[in-house]
Amino acid sequence: MILVVGGAGYVGSHLVKELVEKEKVVVLDNLSTGFKSLIDDRAVFVEGDLGNRSVLDEVFSTYPIKAVMHFAANSLVGESVENPYKYYENNVSATLTLLKAMVDHNVKNFIFSSTAATYGTPNVDLIDEGQPNNPINPYGKTKLMVEHILEDFSAAYGLNYVVLRYFNVAGAHHSGTIGESHDPETHLIPIILQHLLGQREEISVFGTDYNTPDGTCIRDYIHATDLANAHILALEALLEEKKKTAIYNLGNGNGFSVKEVIETCEQVTERTATIQYVERRAGDPAKLVASSEKIQAELGWEPKFSLTDIIESAWNWHRQTVLSKQV
Ligand SMILES: NC(=O)c1ccc[n+]([C@@H]2O[C@H](COP(=O)([O-])OP(=O)(O)OC[C@H]3O[C@@H](n4cnc5c(N)ncnc54)[C@H](O)[C@@H]3O)[C@@H](O)[C@H]2O)c1
Ligand SMILES: O=c1ccn([C@@H]2O[C@H](COP(=O)(O)OP(=O)(O)O[C@H]3O[C@H](CO)[C@H](O)[C@H](O)[C@H]3O)[C@@H](O)[C@H]2O)c(=O)[nH]1
């Protein structure tokens, strides 16, 4: 069985949907930002906190867990600056409790959701895993700290791990049953789509004076299902002992500016956005685009979904959510 911690969240629920086709799955989630309704019915659900050692002991003693996938975290950059304690506590301290429980229960395989925020503000066109790590906010620092802990746990206790550094995750499952649901929502694509559905008055574009062709920030958007498939390949690599430790970027390798993303949303939805141009948001790097060559070469991963596919799937989900609320 595979334990998915944080499987009731946006990214975790997309992984669970794919993983239940291949493996038995247990989800552990405290529902602090996730939703029980996002968890596939075929998975066992345990409601609890990953920082609670007795809950972990119960899970590891009850189920024959051969690997843990860890999605649970707080992940709002601004909040991490205002309330770093919450971030070090939940993202680092609770994760340490989980890792110690794994060691004590002799569970050897771990897959960790990290982030492009570990790189800080790199000044290169394509970011590969060799770029230096210089996180500029507590959120990014917490993720890098866990990466360091993993390195030491691997050396000392033989823990095998794959770290996946996601770029900008977006899109919804093709079934239309699950999609991105954050409260508050801070991510660009859901914000644009909520606006185009009449749920927000306008969209704010944060900064038009970046050193990019149209002056707005460039990001690399990756579909949640492509990400889920990368996790499954990483899991297979660990279980088949092809890898003991690895760190991979996950992005599409194509950058789109904020203006381009808005235009694509307008094309897909055939609606026009009302846009307000405002000051830069603190801490936003001008450009973050992944080189995902390493995971393509080593695990054979290929992203399948374009920006248009991502937006079409997200639009399908957001529209349905609005319709179901009206019934
Ligand atoms: N969404 C993105 O664009 C993105 C980008 C880079 C990295 N990540 C990372 O991917 C992971 C998933 O992100 P997401 O967008 O799905 O977030 P999310 O908030 O939707 O999901 C996180 C899940 O973890 C659960 N959780 C949090 N703390 C917990 C705890 N102490 N015990 C048990 N459950 C707990 C929440 O209830 C939620 O279901 C996070 O680690 C995040 O840092 C996300
Ligand atoms: O209302 C909005 C929301 C976002 N943006 C812009 O759109 C781009 C994308 O912003 P998101 O908030 O959607 O995503 P980020 O690039 O800030 O964040 C992503 O990358 C981070 C690493 O840098 C973290 O990993 C985080 O979890 C992940 O979602 C940024 O330039 C942002 O300034 C706007 O202009 N208006």
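Residues numbered from 1 in each chain as written. Chains lettered and ligands numbered in written order. Predicted model: local features only at pLDDT ≥ 70, side-chain atom pairs only at ≥ 80, totals over all residues.

Things to note about the overall build of the chain
Regarding its fold elements, the chain presents 10 helices and 14 strands. Relative to a compact globule of 327 residues, whose C-alpha radius of gyration would be 20 Å, the chain shows 19 Å and is just as compact. Considered along the principal axes of its C-alpha atoms, the chain spans approximately 55 × 50 × 40 Å. A buried classification covers 46% of the 327 residues belonging to the chain. Residue pairs in contact within the chain that sit at least 24 positions apart in sequence constitute 76% of those at least 6 positions apart. (Helix = DSSP H or I, 4+ residues; strand = E, 2+ residues; numbered from the N terminus. Rg over C-alpha atoms; globule rule 2.2 N^0.38 Å. Buried ≥ 20, exposed ≤ 12 C-beta atoms within 10 Å, placed from the backbone. Contact = placed C-beta atoms within 7 Å.)

A short note on the sheet that holds strand 12 (residues 256-257)
Ordered in space as 12-9-14, the three strands form an open sheet in which the pairing is mixed. With partners counted over all chains shown, the strands left at the sheet margins are strand 12 and strand 14 (287-288), one partner each. As defined by bridge partners, strand 9 (residues 218-219) adjoins strand 12 across two bridges and the pair is classed as antiparallel. Counterpart to Arg-219 in the pairing with strand 12 is Phe-256. (Pairing = 2+ DSSP bridges.)

Digging into the UniProt feature "domain: NAD-dependent epimerase/dehydratase" (unreviewed entry) in the chain
If you check UniProt for "domain: NAD-dependent epimerase/dehydratase" (unreviewed entry), the listed places come out as residues 2-251 in our numbering. Between the C-alpha atoms that bound residues 2-251 there is a distance of 25 Å. The span itself is 37% helix and 20% strand. (UniProt positions renumbered as here; feature names shortened; annotations may be inferred.)

Digging into the site of ligand 1
Neighbouring ligand 1 are 27 residues; Gly-6, Gly-9, Gly-34, Ala-72 and Ala-73 lie closest to it. If you list the elements that add at least two residues to the shell around ligand 1, you get helix 1 (10-19), helix 4 (84-104), strand 5 (109-115) and strand 7 (168-170). If you tally residues by element for the shell around ligand 1, the top one is helix 1, at three residues. In the shell around ligand 1, the residues fall into 11 nonpolar, 14 polar and two charged. (Near = placed C-beta within 6 Å. Nonpolar A, V, L, I, M, F, W, Y, C, P; charged D, E, K, R; others polar.)

Details of the sheet that holds strand 3 (residues 44-47)
Strand order in this open sheet of seven strands is 3-2-1-4-5-6-11, and the pairing throughout is parallel. Each having just a single partner strand, strand 3 and strand 11 (245-250) make up the two edges of the open sheet. Mean inter-strand twist for the sheet, computed between neighbouring axes without regard to direction, equals 20 degrees. The sheet strands contacting helix 1 are strand 1 (2-5), strand 2 (25-29), strand 4 (67-70) and strand 5, and the helix crosses strand 1 at an angle near 160 degrees. Those strands touched by helix 5 (residues 138-157) are strand 5, strand 6 (160-166) and strand 11, and its axis lies near 155 degrees from that of strand 5. (Axes fitted to C-alpha atoms, helices over the stretch in contact; angles between N-to-C directions.)

Considering the domain arrangement of the chain
How big an interface is tends to be stated in terms of the accessible area lost upon association of its parts. Considered domain by domain, the chain is made up of domain 1 (2-170 + 220-250) and domain 2 (188-219 + 253-286 + 293-320). The distance between the C-alpha centroids of domain 1 and domain 2 comes to 24 Å. Of the residues lining the interface, 24 residues belong to domain 1; the matching set on domain 2 comes to 21 residues. Only strand 7, strand 10 (221-223), helix 7 (224-239) and strand 11 provide two or more residues apiece to the side of domain 1 that touches domain 2. When its residues are assigned to classes, the side of domain 1 that touches domain 2 shows 13 nonpolar, seven polar and four charged. (Domains from an automatic or database assignment.)

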